[in-house]
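Coordinate inspection notes
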Amino acid sequence: MTPDFWLERWQQGETGWHLPEINRHLQEFWPQFNLPANATVLVPLCGKTLDLLWLMSQGQRVIGIELSPLAIEEFLNEHQLTAVMTDAPPFRSYQVDELTLLCGDFFALTPAHLPEINAVYDRGALVALPPELREHYAAQFKMLAPNAAQLLITFDYDQQQMTGPPFAVQRNEIAQIFADKTIIELATFDVLNEAANLRQRGVTALAEQVWKIE
């Protein structure tokens, strides 16, 4: 899962993870976070998700991190947004009202790049990473947003049936990598019928799980 892998996926238009609608779990469970107006939400590996706009509509300041400049350009063009662009190596920043998009490697982020983060929304970031990177990913949040609550959405299936991404992330691993946090399982859904592409790749049972980590 090198950066070139993801950049090539965007170049080839192989972005099956992108949803053409706002995530239903975000809409259902986000109110439980009771964030004040102007709270800052971090969205790692954001792609061009519509969830960024929905979070803004809830009165939040939103910071998305995305490796691919093409993804950010498509997001801005598709929504007819004009951004103020600033180079701040190793990132390029795109600012549109209360939305900031940082183009660069999530693992290069330090607290100096961010304001105080009040919440994190992860729909497809953790499941995009192989096991050897997931501990590092969780450690990043402990550094970048130590006091932030997180809405995390994962998949669970028999990893022997398919190589990721998306990867299976099971309860015991979540408990391990977020061992210093309170982990609340908000819901589990059987979504195999909604995942034709994963069925074609050999998956015979697929659970989508929603977590609150605080």
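Here, the structure is the one placed above.
Every residue gets a number counted from 1 within its own chain, in the order that chain's sequence is written. Only residues with pLDDT of at least 70 are given local features in this predicted model, and only at 80 or more are side-chain atom pairs given and counted; all residues enter the totals for whole chains, interfaces and linings. No hydrogens and no water enter the side-chain calculation; it runs on all heavy atoms of the structure.

The next subject is the pattern of salt bridges. For this document, the term salt bridge refers to a Lys or Arg side-chain nitrogen within 4 Å of an Asp or Glu carboxyl oxygen. Evaluated as defined, the whole model comprises 10 salt bridges. Of the charged contacts, one joins Lys-212 and Glu-214 as a salt bridge, the two residues approaching to 3.7 Å between their closest N and O atoms. In this scheme, a residue with accessible area under 20% of its type's maximum is buried, one over 50% is exposed, and one in between is partly exposed, where area comes from a 1.4 Å probe on protein chains only. On the basis of relative accessible area, Lys-212 is assigned to the buried category, the value being 12%. One network of salt bridges, with partners in common, ties together Arg-24, Glu-194 and Glu-208.

The helix and strand labels rest on DSSP assignments: H or I over at least four residues marks a helix, E over at least two residues marks a strand, and numbering proceeds from the N terminus. Here strand β2 (residues 61–66) lies mainly inside the structure; five of its six residues are buried. Handedness of a crossover: with both strands directed away from the viewer, a clockwise path from the first strand across the helix to the second marks it as right-handed. Running through helix α3 (residues 51–57), the crossover from strand β1 (residues 40–43) to the neighbouring parallel element β2 is right-handed.

Computed over the protein atoms alone on a 1 Å grid, cavities are sets of points where a 1.4 Å probe fits but cannot get out and pockets are open sets with protein on both sides within 12 Å along at least five of seven lines; a residue lines them when it has an atom within 4 Å of a point. Grid points are joined across faces, edges and corners, and a volume is the space filled by probe spheres set on the points. Tallying each qualifying case throughout the model produces one cavity of 30 Å³ or more. Each pocket or cavity is described by its volume, and for the largest cavity that value is around 80 Å³. Along its surface, the largest cavity is lined by Val-120, Ala-138, Phe-141, Lys-142, Ala-145, Ala-148, Gln-150, Phe-178, Lys-181 and Ile-213. No other element matches helix α5 (residues 131–144), which puts three residues into the lining of the largest cavity. Nonpolar residues are Ala, Val, Leu, Ile, Met, Phe, Trp, Tyr, Cys and Pro. Charged residues are Asp, Glu, Lys and Arg, and all others, Gly as well, are polar. Broken down by class, the residue content of the lining of the largest cavity amounts to seven nonpolar, one polar and two charged.

Here Pro-89 and Pro-90 are connected by a cis peptide whose omega angle stands at 10 degrees. Here Pro-90 shows up in the loop between β3 (84–88) and β4 (91–96). Pro-165 follows Gly-164 through a cis peptide bond whose omega is 0 degrees. Tracing the backbone shows Pro-165 in the loop between β7 (149–156) and α6 (171–177). Positive phi, close to 70 degrees, is recorded for Asn-38, a residue that is not glycine. Along the polypeptide, Asn-38 turns up in the loop between α2 (24–29) and β1.

Here the focus is the side chain of His-25. Position of His-25 among the secondary structure elements: in helix α2. His-25 gets classed as buried once you look at its relative accessible area, which sits at 1%. Throughout, a contact is declared for two residues whenever any of their heavy atoms are within 4.5 Å. With residues up to four places along the chain from it excluded, the contact list for His-25 reads Trp-30, Leu-151, Ile-153, Phe-189, Glu-208 and Val-210.

In terms of burial, strand β5 (residues 99–103) is a largely internal element, five of the five residues being buried. Two strands qualify as a pair provided DSSP detects at least 2 bridges between them. When β2 meets β5, the two strands line up parallel, connected through five bridges. Bridging from a neighbouring strand, Glu-66 pairs with Cys-103 of β5. Summarising the sheet, β4 and β5 pair through five bridges and their orientation is antiparallel.

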